[in-house]
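Structural description and commentary
Each chain, written out:
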Amino acid sequence: MESVGSALERVRERMAKAAARSGRSLDEITLLGVTKIFPAAVVRAGYEAGLREFGENYVQEFESKSAELGDLPGARFHLIGHLQSNKTRKAAELFQVIQSVDSAKLARRLNEAGSKLDIYIEVKTSDETSKSGADETDLPAIVDAVRASSNLSLLGLMTVPQWSEDAEQSRPAFAHLRELAGRYGLSKLSMGMSNDFEVAIEEGATLIRVGTAIFGRRAKPA
Ligand SMILES: *Cc1c(COP(=O)(O)O)cnc(C)c1O
């Protein structure tokens, strides 16, 4: 299997090409390594290869891994999977960034947990009945709730478009997210995964979430 280091190098080359194509600077695009399902040793391998931002989907799974990851200076962990309101306290303890805020109630709960958190609001950009992501119509109330929360700092919007082999299928969702963020004066856009991050960069992504292209294929979740 390809090493994390060389896979990472190839991802960075793809990022550089997409940035150059769209006249953007690489410095404004953060690469988030998505390590869900993989053991702590893989997070560590990513860190050693130079990654500092990591994405995890499951609070419980990350809780057990994080015990083995206490000594990674400068590493930041983002929750990118759906967050249930009964896990907000634990999530606020374990993560520095929550990208999956999809209700005003969840924002208030996170604020009450008492840790300082960077926040993205996750928005549904496809009709697919996915379990997470706010409807656009709820966005004003969620933006207000996050902005009214002294422990929360609202960075931007996040989305997961309907999966497709063809990355071009994601472009309208990405363009729409950028337009929505502009309406609320938000500068950060978390969008793009292994198969479509170049398109996301062309459409203004400031953070891409990449798992498979760096770490290889995941086992199915238990
Ligand atoms: C798993 C996951 C990713 C990474 O997906 P890859 O296709 O492996 O790059 C990105 N974002 C979210 C929300 C995910 O759940």
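Look a little higher up for the structure.
Notes on the structure in this doc start here. Because the structure is a prediction, the values reported are computed rather than measured.

Around the ligand sit Val34, Lys36, Asn57, Ile80, Val160, Met193, Ser194, Arg209, Val210, Gly211, Thr212 and Arg218, and that is every residue in its neighbourhood. Within the side chain of Thr212, one N or O atom sits 2.5 Å away from an oxygen atom of the ligand. Protein chains bury 90% of the 390 Å² of accessible surface belonging to the ligand in isolation. Of all the cavities here, the one that holds the ligand is the largest pocket. Each residue belonging to the shell around the ligand can be placed in one class, and the counts come to five nonpolar, four polar and three charged.

With that settled, the discussion passes to the side chain of Gln99. Residue placement: Gln99 occurs in strand β4 (residues 97-101). A relative accessible area of 0% means that Gln99 is categorised as buried. Leaving out residues up to four positions away in the same chain, Gln99 has contacts with Leu32, His78, Leu79, Ile80, Tyr120, Ile121, Glu122, Met158, Ser190, Leu207 and Arg209.

Here we take up the layout of surface pockets. Roughly 1300 Å³ of volume is contained in the largest pocket. When contributions to the lining of the largest pocket are tallied by element, the ones reaching two or more residues are α3 (59-66) and β8 (207-210). Residues of the lining of the largest pocket, tallied by class, amount to 15 nonpolar, 17 polar and eleven charged. Computed from the structure, the second largest pocket encloses a volume of approximately 150 Å³. As for the second largest pocket, its lining consists of Glu28, Thr30, Glu53, Arg76, His78, Tyr120, Leu155, Lys188, Thr206 and Leu207.

Most of strand β5 (residues 117-122) is tucked away: six of the six residues are buried. The two faces of β5 match: Leu117, Ile119 and Ile121 on one face and Asp118, Tyr120 and Glu122 on the other face are all buried. In terms of strand pairing, β4 meets β5 through three bridges, oriented parallel. In the strand pairing of β5, Ile98 is matched with Ile119.

Moving on to the pairing of strand β2 (residues 53-56). On β2, burial covers both faces: Glu53 and Gly55 on one face and Phe54 and Glu56 on the other are all buried. In terms of strand pairing, strand β1 (residues 30-34) meets β2 through two bridges, oriented parallel. Following the sheet pairing, Gly33 is matched in β2 by Phe54. For the crossover that starts at β1, traverses helix α2 (residues 40-48) and ends in the parallel β2, the hand is right-handed. The pairing of β2 with strand β3 (residues 76-79) spans four bridges and is parallel. For Glu56, the partnering residue across the bridge sits in β3 and is Leu79. For the crossover that starts at β2, traverses α3 and ends in the parallel β3, the hand is right-handed.

Definitions and cut-offs
- Residues numbered from 1 in each chain as written.
- Predicted model: local features only at pLDDT ≥ 70, side-chain atom pairs only at ≥ 80, totals over all residues.
- Heavy atoms only, no water.
- Near = heavy atom within 4 Å.
- Polar contact = N/O pair within 3.5 Å; in protein donor to acceptor, adjacent residues only side chain to side chain.
- Areas by Shrake-Rupley, 256 points an atom, 1.4 Å probe, with all protein chains shown as cover.
- 1 Å grid on protein atoms, 1.4 Å probe; cavity = no way out; pocket = protein on both sides within 12 Å on 5 of 7 lines; lining within 4 Å.
- Sits in = over half its atoms within 2 Å of the grid points.
- Nonpolar A, V, L, I, M, F, W, Y, C, P; charged D, E, K, R; others polar.
- Helix = DSSP H or I, 4+ residues; strand = E, 2+ residues; numbered from the N terminus.
- Buried < 20%, exposed > 50% of the residue type's maximum accessible area, 1.4 Å probe, protein only.
- Contact = heavy atoms within 4.5 Å.
- Points joined across faces, edges and corners; volume = space filled by probe spheres on them.
- Pairing = 2+ DSSP bridges.
- Right-handed = clockwise from strand over helix to strand, strands pointing away.

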